[in-house]
Amino acid sequence: MLPVVLATMLCAVAWFSPLRAQTPPSALSFHEAVAMAWAIDPVRTELQVGHHSAKARASAAGSWFAGGPTVSGEYMDDHMLGSNEGYTTYQGGVSVPLWLPGQGSATKQVASAEALSIDEQINVEHMALSVRVLDASAAARIARTRVEVARDLHEATARISASVAHAVRGGELASADGQMAQAAMENARNELALAQEEAENATAALEVLLGRPGMPDLSRYGGDDVTHARFVTPRDIEENDPRIRVAHRNVEAAEANMKLARRSFMPNPEIGVDAIHEKQYASPWDDRVGLNFSIPLPSEVRNTPIMSEARNRLAAASSQETQARRMVHLEMTRVRERLIAATTARQTTRAAAAEMERRAQAHERAWRLGEVGLDAALAARQAACTTRLASARAEVEWHVASIRMLIATGIVP
């Protein structure tokens, strides 16, 4: 029995030695990690392009005319009629559309309001990216802690299994105890493999966000940082939230669009210059120059859909602003309560982990003295590792809750 146990332990050490030899990713501050993720965020690039486009539309709206010029031309002669008397007419003109009263400034206001809205959307994306980096960092940190706890459990069960195997060989324990110890060691080895898989997946997800290997050090930030936030009242925090600001900017853009719809009560009139050159037999005139204009009249068939679309946009923007305020208010309540609960859990699980570790050590000593059974010692060690993992998880979640509170106040620590 002893050679089998020793061979199993050697294989386990050889199998997990690469895991220990791996170089851990370089530690980063959370601010540096967010900056790295922001530099390669594709949504940021998309929003920046939209911002430049809106600025370009606002600049184009400052033009003197509502559109580009229209060039027209005509050519007529009498050759097709068969008379061929030399009656030929060349006519050409150029015209430009004119702004309706207040339409140009209203168009510029719409484009400027949309540019400001996109600015706030960039802030919203930065906030959302910060939360994604925070969640990915926490998952990677917890997964790494799970690997450490599983490795310690595997080493402890391997140590107990070796002692049990020696006792079984000497006839001091029954073979059932050896089988129980071997099973506990194999279960611990399986837990270590699962923990390693979770850690690899979590690290890969974080690496995709950052663009390179790295592990933000969340332990730098705690509850004391929250007290130094710029906004302390819930209303100040909510009003500073970029999601509420972008919703308000969307309402302003919709109001500007409504004003533009009112100013566009008819199609744009056009005015231009025409020139005519004629070649006719014995004609006292052959060249003429004049003005042309075109004024389409207002029509309910055209104006009603435009006004309806503008009203619908304004109503939707107002509704989204109300919903955004409710959502942010509810989320702030949850963030505060999460920080309070995480603070309590951090304190209680830390104390519980220390007590369970002392209990596990006491049970192992009692088992070696023959005062308790092997199953009690193994169960105590398993419970101690479980409580230790819960304590480590609560520690990470406390730091995460503190950082999340800072992000809600507009600070990326």
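Criteria and thresholds
- Residues numbered from 1 in each chain as written.
- Predicted model: local features only at pLDDT ≥ 70, side-chain atom pairs only at ≥ 80, totals over all residues.
- Heavy atoms only, no water.
- UniProt positions renumbered as here; feature names shortened; annotations may be inferred.
- Helix = DSSP H or I, 4+ residues; strand = E, 2+ residues; numbered from the N terminus.
- Buried < 20%, exposed > 50% of the residue type's maximum accessible area, 1.4 Å probe, protein only.
- Contact = heavy atoms within 4.5 Å.
- Areas by Shrake-Rupley, 256 points an atom, 1.4 Å probe, with all protein chains shown as cover.
- Salt bridge = Lys/Arg side-chain N within 4 Å of Asp/Glu carboxyl O.
- Pairing = 2+ DSSP bridges.
- Axes fitted to C-alpha atoms, helices over the stretch in contact; angles between N-to-C directions.
- Core = buried A, V, L, I, M, F, W, Y, C linked by side-chain atoms within 4.5 Å.
- Phe/Tyr/Trp six-rings, centres within 6.5 Å; stacked < 30°, edge-to-face > 60°.
- Lys NZ or Arg CZ within 6 Å of the ring centre and 35° of its normal.
- Polar contact = N/O pair within 3.5 Å; in protein donor to acceptor, adjacent residues only side chain to side chain.
- Parallel < 35°, antiparallel > 145°, perpendicular 65-115°, else oblique.
- Left-handed = near helix turned anticlockwise from the far one by under 90°.
- Nonpolar A, V, L, I, M, F, W, Y, C, P; charged D, E, K, R; others polar.
- Expected span 1.5 Å × (residues − 1).
- pLDDT = per-residue confidence, 0-100.
- Patch = residues over 30% accessible without salt bridge, like charges linked within 9 Å, V, L, I, M, F, W, Y side chains within 5 Å.

As annotated in an unreviewed UniProt entry, the chain carries the name TolC family protein and comes from Gluconacetobacter entanii. UniProt, in the comment section headed Subcellular location (unreviewed entry), describes the chain in these words: "Cell outer membrane". In its Sequence similarities (unreviewed entry) section, the UniProt entry covering the chain states "Belongs to the outer membrane factor (OMF) (TC 1.B.17) family."

1. Quick notes on the overall build of the chain
From N to C terminus, the chain includes ten helices and six strands. Split into buried and exposed, the 413 residues of the chain put 38% on the buried side. If you take every contact in the chain between residues at least 6 apart in sequence, the share linking residues at least 24 apart comes to 83%. Carbon and sulfur atoms make up 58% of the accessible area of the chain, which amounts to about 22700 Å² in all.

2. Some thoughts on the pattern of salt bridges
Enumeration over the complete set of coordinates arrives at 21 salt bridges. Residue Arg404 pairs with Glu331 through a salt bridge whose shortest N-O separation is 2.2 Å. Of this pair, Arg404 sits in helix H10 (residues 374–408) while Glu331 sits in helix H9 (residues 300–368), placing them 73 residues apart in sequence. A single salt-bridge network, built from bridges that share partners, covers Asp241, Arg243, Glu331 and Arg404.

3. Regarding the sheet that holds strand S2 (residues 70–77)
The strands that make up a sheet pair up through hydrogen bonds in the backbone, lying either parallel or antiparallel. The strand order across the open sheet built from four strands is S2-S3-S5-S6, with neighbouring strands paired in antiparallel fashion. Looking at strand neighbours, the two that pair on one side only are S2 and strand S6 (287–294), the edges of this open sheet. Within the sheet, the average angular offset between the axes of one strand and its neighbour, ignoring direction, is 15°. Pairing of strand S5 (residues 270–279) with S6 involves eight bridges; the strand directions are antiparallel.

4. Overview of the nonpolar core
One finds Phe30, Val133, Leu134, Leu210, Leu218, Ile403 and Ile407 to be the most contacted residues of the largest nonpolar core, which totals 37 residues. Where this core is concerned, the elements lending two or more residues are helix H2 (30–39), helix H3 (42–60), helix H4 (103–169), helix H5 (175–210) and H10. No other element matches the 15 residues that H4 contributes to this core. Filtering out sequence-adjacent residues up to four positions away, Leu218 remains in contact with Phe30, Leu134, Ser137, Ala138, His399, Val400 and Ile403.

5. A look at the packing of aromatic side chains
A full pass over the atoms with the stated rule returns one aromatic pair. Ring centres of Tyr75 and Tyr90 lie 5.2 Å apart, and the angle between their planes is 50°; this geometry places the pair in the tilted category. Separated by 15 residues along the polypeptide, Tyr75 in strand S2 and Tyr90 in strand S3 (residues 88–97) bring together distant segments of the chain. On the basis of relative accessibility, which here comes to 47%, the residue Tyr75 falls in the partly exposed class. The ring of Trp38 carries Arg44 above its face, with NZ or CZ at 6.0 Å from the centroid. Directly above the aromatic system of Trp398 lies the positively charged group of Arg346, at a separation of 3.8 Å from the ring centroid.

6. Re the side chain of Thr349
Along the chain, the position of Thr349 falls in helix H9. Given the relative accessible area of 18%, Thr349 is considered buried. Among the polar contacts listed, one links the side chain of Thr349 to the backbone oxygen of Ala345, at a separation of 2.5 Å. Beyond its immediate chain neighbours, meaning those up to four positions away, Thr349 contacts Thr387, Ala390, Ser391 and Ala394.

7. Here we look at the packing of H4 against H9
Contact pair H4 / H9: the axes reach a minimum separation of 15 Å and the direction vectors enclose 15°. Taken together, the axes of H4 and H9 are roughly parallel relative to one another. Here H4 and H9 pass one another in a crossing that is left-handed. For the pair formed by H4 and H9, the contact residues are Glu114, Arg159, Ile160, Ser163 and Val164 on the first element and Arg313, Glu364, Trp367 and Arg368 on the second. Its residues assigned to classes, the contact of H4 with H9 shows three nonpolar, one polar and five charged.

8. Quick look at helix H8 (residues 242–263)
The end-to-end C-alpha distance of H8, which contains 22 residues, comes to 31 Å, matching closely the 32 Å that a straight helix rising 1.5 Å per residue would cover. The N-terminus of H8 is capped by Asp241, whose side-chain oxygen sits 2.9 Å from the backbone nitrogen of Arg243.

9. Looking at the pairing of S3
Where S2 meets S3, eight bridges bridge the pair, whose relative direction is antiparallel. Within the sheet, the bridge partner assigned to Gly73 lies in S3 and is Gly92.

10. Thoughts on the environment of Val96
With respect to the secondary-structure elements, Val96 resides in strand S3. Considered as a pair, Val96 and Gly68 are 28 residues apart in the sequence and their alpha carbons are 6.4 Å apart. Apart from the residues lying within four places of it in its own chain, the contact partners of Val96 are Phe65, Pro69, Pro269, Glu270 and Ile271.

11. Some thoughts on the confidence of the model for the chain
The predicted model of the chain has a mean per-residue pLDDT of 84, with 88% of residues at 70 or higher. Mean pLDDT values for the elements of the chain range from 42 in helix H1 (residues 2–21) up to 93 in H8.

12. Describing a nonpolar patch on the surface
Among the surface-exposed residues, Val71, Val94, Val273, Val289 and Leu291 lie close enough to one another that they form a single nonpolar patch of about 520 Å² accessible area. Along the chain, Val289 falls in strand S6.

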